[in-house]
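# Architecture and fold: a report
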Amino acid sequence: MTEKFQNIETKIIHAGDPKPTFKGAVSIPIFQSSTFEYRDKDKDREVKYIRLSNTPNHTALHKKLAALENAESSLVTASGMAAIATTLITALSPGDHFLALDCLYGGTKGFITNLLSELKVSHSLISGNQPETWKSQCKSNTRVIYVETITNPLLQVPDLESLADFARDNNLISIIDNTFASPVNFRPPEFGFDLSLHSCTKYLNGHSDIVGGAVIGKSEWIDKIRQNLKQLGGSMDPHVCFLLYRGIKTLALRVRAQNKNALKIAQFLESHHQVKKVNYPGLQSHPQHDTARHILDGFGGMISFELKGGLKAAQKFMDRVQLAFIAPSLGGVETLLTRPVMTSHRGLSPEEKARSGISDSLIRVSVGIENPDDIIADFNQSLH
Ligand code: PLP
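In this report, the structure presented in the accompanying data block is examined.

The rules behind these values
Residues numbered from 1 in each chain as written. Predicted model: local features only at pLDDT ≥ 70, side-chain atom pairs only at ≥ 80, totals over all residues. Heavy atoms only, no water. Helix = DSSP H or I, 4+ residues; strand = E, 2+ residues; numbered from the N terminus. Rg over C-alpha atoms; globule rule 2.2 N^0.38 Å. Contact = heavy atoms within 4.5 Å. Areas by Shrake-Rupley, 256 points an atom, 1.4 Å probe, with all protein chains shown as cover. Lys, Arg positive; Asp, Glu negative; His and termini not counted. Charge placed at Lys NZ, Arg CZ, Asp CG, Glu CD. Buried < 20%, exposed > 50% of the residue type's maximum accessible area, 1.4 Å probe, protein only. Arc of directions from axis to C-beta. Salt bridge = Lys/Arg side-chain N within 4 Å of Asp/Glu carboxyl O.

Of the regular secondary structure elements, the protein holds 13 helices and twelve strands. Over its C-alpha atoms the protein spans a radius of gyration of 21 Å, differing by no more than 12% from the 21 Å that the globule rule assigns to 384 residues. In the protein, once contacts between residues fewer than 6 apart in sequence are set aside, the share between residues at least 24 apart is 73%. Carbon and sulfur atoms form 52% of the exposed surface of the protein, whose accessible area is close to 16900 Å². Separation of charge centres in the protein, based on 42 positive and 39 negative side chains, amounts to 3 Å.

This is the structure:
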């Protein structure tokens, strides 16, 4: 639908815009109307209603998001979790089994271990970089493989090319949460993934002022997910559609600045004598640096690190930081810091933390678009 725009920077600005424009408006107005009039003569016309995700604001956004990942179709949802839950409920039925990456976002992990299990959908955890172990985890009722582009909070990069190939060869629906990479750094449909999910709350909107989600991919699946979204009710509001559409317009500028800033900050941290370990796919020391270089267009804006002084040093660092916000979430223009064991991974038992390598002293950084030298100066004074 958007072939005429070759490059992502142009798609970000123009894809999805209605032609002709609404009364000449360069920015699509907000259609804050829950319902839309229709007359008998229009009986073949689709009924427009916000929960059906078909107002002009939804339609424009769907076209733009599909274009960004070179996909057939897309659907926005009320949150990233609404996208994840609605997609998994659509792709899986009671009695089915699926493969899930062993280090998933906490909300997703909670959904699959609690609600999906209650719905009699079972899963096995797979390691993203051991393709030789995947086949033995498959059963006759395995239907889906579910992964993330870059894991949270250790920033591991699974072997995504092999994962997509494995799914195709074994007739599994491949679903990937692409939130951490954003379409600027990775476009899953280009690698053969069936469905790409986003928490638009993060990079896509980029301003830490909305909650939203998206499913991007094959029309056949998006149509089924849309049917279920109508019934489950997790649709996006037109005002949020408008804000997201606006936020996306600076996506390439923001994400590329965040890629650059994060590398500089990661290199600073790695060279600091008080820092024990830095996790960032752009560093040569990262175990999947070569994979990341091969498949990603940028290494992203997320870093995590541990200090030599352990938990006490981490607490002191967090207490001393002035510029960055101490807050959960990620992908906004401002730098955010968290300790995952206090936020996203709060529910893990000591054994689970040890098994997944998430220490009490781990600090996660969502790098913003400030001047990186100011962030480095702030981190430097916080380390003394
Ligand atoms: N996926 C990832 C990777 C996330 O980090 C998050 C939230 O932090 C979500 C999904 C859920 O998104 P939301 O908070 O928009 O529901």
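By the burial criterion, the buried members of helix α11 (residues 310-320) are G310, A314, F317 and M318. The buried side chains of α11 occupy one side of the element, clustering within an arc of 95° when seen end-on. Opposite the packed face of α11, turned more than 90 degrees from it, sit the exposed residues K312 and D319. Those residues of α11 that are buried lie in contact with β9 (302-307), β10 (325-326), β11 (336-338), β12 (363-366) and α13 (372-383).

For the structure on display, the rule yields 13 salt bridges. As a salt-bridge pair, R143 and D96 come within 3.3 Å of each other at their nearest N and O atoms. Of this pair, R143 sits in strand β4 (residues 142-148) while D96 sits in the loop between α3 (80-91) and β2 (97-101), and the two are 47 residues apart along the sequence. For R143, a relative accessible area of 35% puts it in the partly exposed group. Residue class for D96 comes out buried when judged on its relative accessible area of 10%. Where D165 meets R168, a salt bridge forms, and the shortest distance between an N and an O atom there is 3.5 Å. On the criterion of helical spacing, the pair formed by D165 and R168 is a turn pair, its members being three residues apart in helix α5 (residues 160-169). Classification of D165 by relative accessible area gives partly exposed; the value is 33%. One connected set of salt bridges, linked through shared partners, spans D165, R168 and D169.

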